[in-house]
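# Results of the structural survey
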Amino acid sequence: MIKVFLCSLLLLLSGLLTAQTIENPTFKARNGSIRNITRIERTPEYTKVYIHAIFRPHWWIMEDGENYLEDVATGKRYAQTGAEGIELKKETFMPDSGEMDFVLLFEPLPKETQTIHMIDPNGNESNTYDISLVPADPKQPSPLKQVEGNWFADDAQGRWTYGVHDSLVILNNRLYDLTECRKKGKRIVLTARSRTNGSIATLQLTPRKDGSCLIALDGDKAQRYVRTRPGTVAAETDNGYGEDFFRRDSVCLQGYLNGYDPRLGFDSGILYLKDEITRQDYPTVVPINPDGSFQCSFLLRHPVCENLIIRNNIDIPFYAEPGDTVTLYIDWEDVMARSRARDMNYPLSHTAYMGKRPDLSYLATTLNKYFQYPYNQLSEAQKTLTPAQFQERLKPVIDQWQQQADSLSRLYAPSQKAVSLIRNQKATQTGMAYFDFQMDRSYYAQQDTTNQILKVQPDASYYDFLKEMPLNEQSVLVNYGTNFFINRFEFMSPLSIPLQEQINIQNDEAFQALPLEERQLRLQLRFSEKKDSIVNSLCATPSPLLWQIARVRYLHFMLSDVLKQRQYAEAFLTQLEKTVTHPYLRATAREMLEERFPDTPTTSYQLPEGKATDIFRRIIAPHAGKVLFVDFWATTCGPCRAGIKATAKLREQYRNHPEFQFVYITSEAESPLKDYTEYVEKNLKGEASYRLGDTDYKYLRQLFRFNGIPHYVVVEKDGSICTENVEAYNLASFLQRRFGTEQKKTE
């Protein structure tokens, strides 16, 4: 009896001794922060993972019970067996606090397991990698851990001066590889090699009890630095933009994404760059290295506020001038928090900048939140208010925006560049509110013919806001989103030429006797004069700069789609130069003409050697020797689907053609697999369809210079790219010219 009791006791004790609890286990990477692991309990019977969930209040989450733990050393998986505090396979709505706790149960782990992954095979925000089951010793942090992070000057400007991160050191607006870390008494000495020129830098860091650090670079006197920057960074003094506003030079954008890991499912970002004057897209891929560092270069023609886009369309604003090097620090935990909040304006509070004007980059991160008219309120107003009533509704909003702009301007008063950014943002958003209200009302009126409100048209006073706009200020081009304002400006309702007037002109017998292109030219000259006159009547200054830019932008369309002969293009440009007086814009318009009509015309060009071309050549290799119509599209793009529908008969007509082939290319990010599979089965069955990884597709955007889709490319039989502008609407005529009236087919 005693022996049995002792055996039972030993078995009980052995079970207790093998139980283990790890509080707040460390991990290397995760792709989402809705589920936060606070504790792991290990016993011979089970493994419990305690979850603290954070999400939007009253939005639902769901646990499907298909998670698993993976032993990093062996690769063996341990299935989920249940849950506590949450019902599996059921929508669970978050409480008012937006936080809740529950437990996921898994099969027991072997006692020798030290590191695991927790994987949700059906989710994209629930994986956590390299979770340590070995409790960390807080009393013995490594030397590097003691000084790891960003260090800011302890003054009003709070400049980000040093970044110490794993194998990377950031200083002097450059990236350095960390080559050595050693402890020397109370000091921690770091040696780093510049990635730019190979020079060596030595940092001596002395951590202090208050959390600050004394840092000396290359033997200089140590200065005090802190881990947090001021809430509002002091503006640097400048006198605004001068005569060199328009200048061409490259920009280097570089930085570090802390918390990055290739297993997160992406290895690049992108800049959707565009010349707002020529309408030329030039998206630029930003490769992300396995260590989280990144670097790219691009050409600028004037100062800008731009956005670096990384996974899930998270945008990181920055300010740059031609010739600048801009260094960014991005915290992946911030990115996940914004994604979790489902709020594009959720602050990325740890983002930091180095460069000539980091203060303007910090300002760029905050401007949008001050001057926004809620979309839902605008949509409701369009259907329920007359233009005059909307003007009254908008007045207190504009007054509030003005107060905010005045307050910010006082704060940034030393910098005239900052003040112009603030005032221009307020002005363009005011203009956007007026334009957007009016823009869709005609469409809504067609949908709801009984709504009398929608039939009320604005009088001339509605556009009085244009007289208050900085339409003649070149600095407006710096603000992110000015392109949207210019677009609304050049297509605003008062510039719509009445249909009857167009019919009257085109029915004139003398007019009809002219060659087609001359008729098109005369129409455009007539309409351009009329539009110039209308703009001059609405604006405080005749032919303001933004209208001149709109006219040059329109030249891009005329040269691409209408004017095929140089003599007509020259005539149009001569008339345009009566309105466009700015020297840079005139020179740009002339360059556009020369590019369209070079001394030695070419019908195609060869792609440049490089990664993007290699990607494209692999795709088209199976179709070598044919003319290819390449359609860049997405299931999420309505115009793309419309273009595919419009060319359905042509696909049928040219199916199995010996000299011609349709090719369709989309991305995994823009065409979810289920939607893509269903759409291709229904609409593109049998066609050459390719669904690329996100980075490969970005490189093709960069190669063919397109931000938006659909985008079309014609590849000649020799692999060169046709210079003719061929799209869905004119494809039939192109094919007829190439292959004759009776297209060849083989069964």
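Residues numbered from 1 in each chain as written. Predicted model: local features only at pLDDT ≥ 70, side-chain atom pairs only at ≥ 80, totals over all residues. Heavy atoms only, no water.

The next point concerns the overall build of the chain. The number of helices and strands found in the chain is 21 helices and 35 strands. Its C-alpha atoms give the chain principal-axis dimensions of about 120 × 70 × 60 Å. When the 747 residues of the chain are sorted by exposure, 50% land in the buried category. Considering only contacts within the chain whose residues lie at least 6 apart along the sequence, 66% involve residues at least 24 apart. Across the chain, the mean location of the 88 positive side-chain charges is 2 Å away from that of the 94 negative side-chain charges. (Helix = DSSP H or I, 4+ residues; strand = E, 2+ residues; numbered from the N terminus. Buried < 20%, exposed > 50% of the residue type's maximum accessible area, 1.4 Å probe, protein only. Contact = heavy atoms within 4.5 Å. Lys, Arg positive; Asp, Glu negative; His and termini not counted. Charge placed at Lys NZ, Arg CZ, Asp CG, Glu CD.)

This brings us to the side chain of Thr128. Mapped onto the fold, Thr128 is located in strand 11 (residues 128–132). When its relative accessible area of 5% is taken as the criterion, Thr128 is described as buried. Not counting residues up to four positions away in its chain, the partners in contact with Thr128 are Phe27, Ala29, Arg30, Ile37, His117 and Met118.

As a further point, take the state of the cysteines. Applying the stated criterion across every chain, the model contains one disulfide. Cys296 provides the cysteine sulfur closest to Cys252, a residue in no disulfide bond, and the two sulfurs are 7.2 Å apart. Accessibility expressed as a relative area gives 17% for Cys252, which makes it buried. With no disulfide partner, Cys305 has as its closest neighbouring cysteine sulfur the one in Cys296, 16 Å distant. Relative accessible area serves as the criterion here: at 7%, Cys305 is assigned to the buried category. (Disulfide = S-S within 2.5 Å.)

Turning our eyes to something else, we now look at the sheet that holds strand 7 (residues 77–84). An order of 1-3-4-9-7-6-10-11-2 is seen for the nine strands of this open sheet, with the pairing classed as antiparallel. The sheet is open, and its two edges are formed by strand 1 (20–23) and strand 2 (29–30), each paired on a single side. Judged from the eight bridges that link them, strand 4 (residues 47–54) and strand 9 (residues 99–106) form a sheet pairing that is antiparallel. Following the sheet pairing, Thr47 is matched in strand 9 by Phe106. (Pairing = 2+ DSSP bridges.)

So, on to the pairing of strand 14 (residues 168–171). Side chains Leu168 and Ile170 of strand 14 all project onto a buried face; the interleaved residues Val169 and Leu171 project onto the opposite face, where all are buried too. In the sheet, strand 13 (residues 160–165) pairs with strand 14 via four bridges, with the strands oriented antiparallel. If you follow His165 over to strand 14, its bridge partner there is Leu168. The hairpin turn running from strand 13 into strand 14, its antiparallel successor, is two residues long, and Asp166 in that turn takes a positive phi close to 50°. Relative to strand 15 (residues 174–184), strand 14 runs antiparallel, the two being bridged by four bridges. Following the sheet pairing, Leu171 is matched in strand 15 by Arg174.

This brings us to the nonpolar core. Counting residues in hydrophobic clusters, the biggest one holds 77 residues, and the most contacted among them are Phe390, Leu466, Phe489, Met492 and Phe572. Non-local contacts of Phe572, meaning those with residues more than four positions away in its chain, are made with Leu521, Gln524, Leu525, Ser528, Arg551, Tyr554, Leu555, Met558 and Leu563. Membership of the second largest hydrophobic core comes to 46 residues, among which are Tyr282, Cys296, Ile310 and Leu328. (Core = buried A, V, L, I, M, F, W, Y, C linked by side-chain atoms within 4.5 Å.)

Here we take up the packing of helix 13 (residues 545–562) against helix 14 (residues 566–576). At a minimum axis separation of 11 Å, helix 13 and helix 14 run at an interaxial angle of 170°. What the angle tells us is that helix 13 and helix 14 run roughly antiparallel. Contact with helix 13, carried on its side by Arg551, Val552, Tyr554, Leu555, Met558 and Leu559, involves Ala569, Phe572, Leu573, Gln575 and Leu576 of helix 14 and no other residues of that element. Looking at the contact of helix 13 with helix 14 residue by residue, the classes come out as nine nonpolar, one polar and one charged. (Axes fitted to C-alpha atoms, helices over the stretch in contact; angles between N-to-C directions. Parallel < 35°, antiparallel > 145°, perpendicular 65-115°, else oblique. Nonpolar A, V, L, I, M, F, W, Y, C, P; charged D, E, K, R; others polar.)

Once that is clear, we can look at the confidence of the model for the chain. In this model, the chain carries an average pLDDT of 92, and 96% of its residues clear a pLDDT of 70 or more. Low pLDDT, under 50, characterises residues 1–6; the predicted model gives this stretch zero contacts beyond four residues in sequence or across chains. Residue range residues 8–17 is modelled with pLDDT below 50. Its contacts to residues more than four positions away, or to other chains, number one contact. (pLDDT = per-residue confidence, 0-100.)

This part covers a nonpolar patch on the surface. A surface patch of nonpolar side chains, amounting to about 320 Å² of accessible area, comprises Trp60, Met62 and Phe93. Checked against the element boundaries, Phe93 lands in strand 8 (residues 92–93). (Patch = residues over 30% accessible without salt bridge, like charges linked within 9 Å, V, L, I, M, F, W, Y side chains within 5 Å. Areas by Shrake-Rupley, 256 points an atom, 1.4 Å probe, with all protein chains shown as cover. Salt bridge = Lys/Arg side-chain N within 4 Å of Asp/Glu carboxyl O.)

In total, this model carries 50 salt bridges according to the counting rule given. For the salt bridge of Glu66 with Lys89, the shortest nitrogen-to-oxygen distance reads 3.6 Å. Here Glu66, found in the loop between strand 5 (60–61) and strand 6 (68–71), pairs with Lys89, found in the loop between strand 7 and strand 8; they are 23 residues apart in sequence, far enough to count as distant. Judged by relative accessible area, which is 39%, Glu66 ranks as partly exposed. The salt bridge involving Asp210 is made with Arg224; its shortest N-O contact spans 2.9 Å. Taken together, the positions of Asp210 in the loop between strand 17 (200–207) and strand 18 (213–217) and Arg224 in strand 19 (residues 223–226) put the pair 14 residues apart, joining distant regions of the chain. A relative accessible area of 51% places Asp210 in the exposed class. Arg224 gets classed as partly exposed once you look at its relative accessible area, which sits at 31%. Taken together, the salt bridges that share partners define one network made up of Arg566, Glu570, Glu577, Arg590 and Glu594.

It is worth spelling out the environment of Ile314 at this point. With respect to the helices and strands, the residue Ile314 is situated in strand 27 (residues 314–320). On the accessibility criterion, Ile314 (5% relative accessible area) is buried. For the pair Ile314 and Ser379, spaced 65 residues apart in the sequence, the C-alpha separation amounts to 25 Å.

Attention shifts here to helix 9 (residues 482–490). Those residues of helix 9 lying buried are Thr482, Phe485, Ile486, Arg488, Phe489 and Glu490. Those residues of helix 9 that are buried lie in contact with helix 7 (416–439), helix 12 (516–538) and helix 13.

Let's shift gears to the packing of helix 9 against helix 13. When two helices pack together, their arrangement is given by the angle between the helix axes and the distance between those axes. Running from N to C, helix 9 and helix 13 point in directions that differ by 80°, and their axes come no closer than 10 Å. Between helix 9 and helix 13, the crossing angle belongs to the class labelled roughly perpendicular. Residue-level contacts link Asn483, Phe485, Ile486, Asn487, Phe489 and Glu490 of helix 9 to Leu546, Trp547, Ile549, Ala550 and Arg553 of helix 13. Grouping the constituent residues of the contact of helix 9 with helix 13 by class yields seven nonpolar, two polar and two charged.

For the structure shown, the criterion picks out 40 aromatic pairs. Between Tyr697 and Phe706 the ring centres are 6.4 Å apart and the planes differ by 80°, which places this aromatic pair in the edge-to-face class. Residue Phe706 is classed as buried on the basis of its relative accessible area, which comes to 1%. Aromatic rings pair up to connect Tyr373, Phe390, Tyr434, Phe435, Phe437, Tyr462, Tyr463, Phe465, Phe485, Phe489 and Trp547 into one cluster. One residue, Arg39, lies across the ring of Tyr50, its end atom 4.7 Å from the ring centre. (Phe/Tyr/Trp six-rings, centres within 6.5 Å; stacked < 30°, edge-to-face > 60°. Lys NZ or Arg CZ within 6 Å of the ring centre and 35° of its normal.)

Turning next to the environment of Phe706. Checked against the element boundaries, Phe706 lands in the loop between helix 20 (694–704) and strand 34 (711–715). It is 15 Å that separates the C-alpha atoms of Phe706 and Phe616, two residues lying 90 residues apart in sequence. For Phe706, the residues in contact, after removing those within four places along its chain, are Asp281, Pro283, Phe632, Tyr697, Leu700, Arg701 and His711.

Moving on to helix 7. With 24 residues, helix 7 should reach 34 Å at 1.5 Å per residue; the first-to-last C-alpha distance of 33 Å fits that figure. The buried fraction of helix 7 is high, at 20 of 24 residues. (Expected span 1.5 Å × (residues − 1).)

Here the focus is the side chain of Asp334. Position of Asp334 relative to the elements: it lies in helix 3 (residues 332–341). Buried within the structure, Asp334 lacks any salt-bridge partner; Arg229 is the closest side chain of opposite charge, at an N-O distance of 8.2 Å. If sequence neighbours within four positions are ignored, Asp334 has contacts with Leu348, Ser349, His350 and Thr351.

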